[in-house]
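# Structure at a glance
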Amino acid sequence: ASFENDDHEIIAQHPKGEPAVVSEFTVHNDNALVAGLKLTKAYLGKPQSASFIFAIFCLGAGVSLVENLLFLLLVDDLHSSYTVCGISVVVTVAFEIPLLQGSRWLLRNFSCRLLFSIALVCYIVRAVGYTFCPNGWCILGFEPLHGITFACYDLAAVRYVAAITPAEQLTTGQGIRN
């Protein structure tokens, strides 16, 4: 059995007999559909927004592909040690941390478009550069570009998605980046 309280929240009975508040989106599928359509309109309603969302998806897929296959390239194809794999992670993080720490300054001084463009250029140079590397140590020279790609991509995506997402759906909206 369920009923509404004075604040018009849907109250359901908890299995232990205690009342539990359940979101209206859980109870009413129609509201979830309306919310989903509102979010879709916000993202695809303007050509600029739709193209940015598409670019977020493409770059995210590309970065994920490289991250998931890099160690296979290093160990299986370039016959590198696990030490080189570990050093590659240290190098990427060493460049991400200062950039993310300075995120306020970056967002204040650079547009989302410029940050995202920097991320794209760094990703392309990194991915193409890997194809010219004869050994794992050479790969390490391209790893700082991952830190720049990640920081610039993440900052631009978070800022842009927050700007085009309706206020009541900001948390849901940030999930588009994943």
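The structure reproduced in this document is the subject of the present report. What you see is a predicted model; the values in this text were computed from it and never measured. (Residues numbered from 1 in each chain as written. Predicted model: local features only at pLDDT ≥ 70, side-chain atom pairs only at ≥ 80, totals over all residues. Heavy atoms only, no water.)

## Quick look at the pattern of salt bridges
- Tallied over the entire structure, the rule returns two salt bridges.
- Salt-bridge contacts for Glu168 lead to Lys38; the nearest nitrogen and oxygen are separated by 2.3 Å. Of the two residues, Glu168 sits in the loop between α8 (144–164) and α9 (170–174) while Lys38 sits in helix α2 (residues 29–44), which places them 130 residues apart along the sequence.
- Judged by its relative accessible area of 41%, Lys38 falls in the partly exposed class.
- Measuring nitrogen to oxygen at the nearest pair gives 3.4 Å for the salt bridge that ties Arg126 to Glu143. On the criterion of sequence distance, the pair formed by Arg126 in helix α6 (residues 112–130) and Glu143 in the loop between α7 (136–139) and α8 is long-range, its members being 17 residues apart. For the pair shown, Arg126 and Glu143 are each scored as buried. (Salt bridge = Lys/Arg side-chain N within 4 Å of Asp/Glu carboxyl O. Helix = DSSP H or I, 4+ residues; strand = E, 2+ residues; numbered from the N terminus. Buried < 20%, exposed > 50% of the residue type's maximum accessible area, 1.4 Å probe, protein only.)

## What about a nonpolar patch on the surface?
- A cluster of nonpolar residues, Phe71, Val89, Val93 and Ile97, forms a patch on the protein surface that exposes about 320 Å² of accessible area.
- Looking at the nonpolar patch element by element, the count peaks at three residues for helix α4 (residues 82–101).
- Mapping Phe71 onto the fold places it in helix α3 (residues 47–77).
- Relative accessible area serves as the criterion here: at 38%, Phe71 is assigned to the partly exposed category. (Patch = residues over 30% accessible without salt bridge, like charges linked within 9 Å, V, L, I, M, F, W, Y side chains within 5 Å. Areas by Shrake-Rupley, 256 points an atom, 1.4 Å probe, with all protein chains shown as cover.)

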